[in-house]
Amino acid sequence: MKSYRLDKAKRIFYKRYKKIKNKITLVLGFNLDAMGRILSTDKATRHSYTKIYADHFKKLKFKKINLLEIGVGGFENPLKGGNSLRLWKAYFPFASIYSIDIYDKKQLEEKRIKIYQGSQIDKDVLLKMAKDIGEIDIIIDDGSHINEHVIKTFNILFPVLKMGGIYVVEDVQTSYWKDYGGDSDNMNNPNTIMNYFKGLCDCLNHKEFICPGYEPSYFDKHIISMHFYHNLIFIYKGLNNEESNMVVNNIR
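Residues numbered from 1 in each chain as written. Predicted model: local features only at pLDDT ≥ 70, side-chain atom pairs only at ≥ 80, totals over all residues. Heavy atoms only, no water.

Colleague: Mind laying out the side chain of S175, listing which residues take part and the relevant values?
Modeller: Tracing the backbone shows S175 in the loop between β5 (161-170) and α8 (193-200). Of the residues examined, S175 reaches a relative accessible area of 1% and is grouped as buried. For S175, the residues in contact, after removing those within four places along its chain, are N147, G182, D183, T192, I193 and M194. (Helix = DSSP H or I, 4+ residues; strand = E, 2+ residues; numbered from the N terminus. Buried < 20%, exposed > 50% of the residue type's maximum accessible area, 1.4 Å probe, protein only. Contact = heavy atoms within 4.5 Å.)

Colleague: I'd like a rundown of the packing of helix α4 (residues 49-57) against helix α5 (residues 83-91), residues and numbers included.
Modeller: It is the contact of α4 with α5, at a shortest axis distance of 13 Å, that shows an interaxial angle of 35°. Regarding α4 and α5, the two cross each other, and that crossing is right-handed. Facing α4, whose interface residues are T50, Y53, A54 and F57, α5 presents L87, W88 and Y91. Residues belonging to the contact of α4 with α5 are distributed by class as follows: six nonpolar, one polar and no charged. (Axes fitted to C-alpha atoms, helices over the stretch in contact; angles between N-to-C directions. Left-handed = near helix turned anticlockwise from the far one by under 90°. Nonpolar A, V, L, I, M, F, W, Y, C, P; charged D, E, K, R; others polar.)

Colleague: Please set out the packing of aromatic side chains residue by residue, giving values where relevant.
Modeller: Per the counting criterion, the structure on display carries 21 aromatic pairs. Here the aromatic rings of F57 and F92 are separated by 5.9 Å at their centres, their planes lie at 50°, and the arrangement is tilted. Taken together, the residues span a long stretch of sequence, with F57 in helix α4 and F92 in the loop between α5 and β2 (96-101) at a distance of 35 residues. For the pair F57 and F92, a shared accessibility class is recorded, and that class is buried. Here a set of aromatic residues connected by ring pairs shows up, and it is made of Y53, F57, W88, Y91, F92, Y229 and F234. Cation over ring: K61 sits above Y91, and NZ or CZ is 4.2 Å from the ring centre. In this structure, K106 is placed above the aromatic ring of Y116, and the distance from its NZ or CZ to the ring centre is 6.0 Å. (Phe/Tyr/Trp six-rings, centres within 6.5 Å; stacked < 30°, edge-to-face > 60°. Lys NZ or Arg CZ within 6 Å of the ring centre and 35° of its normal.)

Here you go:
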């Protein structure tokens with residue numbers, strides 16, 4: 001009985017603590033970096049991501065958007081994690097925030113925050129989730145950080161991202177870590193996160209290829225810009241149909 005009362009008291013304290021932090025972040029309004037520090041997300045405390053996110057996301061701040069973040073945090077503890085989700089909820093006052101995690105994180109759901117359970121490389125789960133959500137404006141991969149997983153997830157979810165949407169990959173330092181499938185010896189290894197996305201940069205210029213009969217890929221047609229930062233990549237989706245001023249039908 002005593003243990004139950006202690007657990008109940010902890011839950012009540014945790015809920016009240018979250019409400020106080022959420023109110024403080026609302027007062028800060030536009031300062032995403034300060035909000036991230038108050039909400040203790042590693043996007044601000046261990047990395048400098050929030051400063052970069054602020055530049056890319058400021059135009060969407062007051063839009064009614066759907067944001068999906070892969071990974072809740074807190075590992076197997078059902079009451080830990082969700083700091084980043086609460087940051088997005090506070091920063092985007094009209095947004096619906098969604099997430100998916102391999103562990104059951106349902107207890108961290110709040111108004112405007114919905115959490116699914118499943119693997120980030122389970123195509124059926126991801127596509128069902130995407131169908132439930134509807135149009136997705138922002139996708140952030142802060143999941144396993146395993147190279148194979150990041151690449152596979154991108155191949156599944158980028159096609160369902162809304163036109164004009166933004167896809168973000170965090171913590172790409174694992175591209176160089178062997179225990180995550182990375183490689184610091186062969187910098188041309190095509191199976192690492194960095195080399196995979198560096199390869200997609202050519203998609204931007206597919207109209208310039210001297211390759212008669214070339215059939216553009218989905219990524220050729222829909223990646224309109226890419227931005228690389230320290231451990232962070234942004235991929236913008238749209239119609240990449242600007243014609244070459246020198247090449248016609250990949251013939252010069």
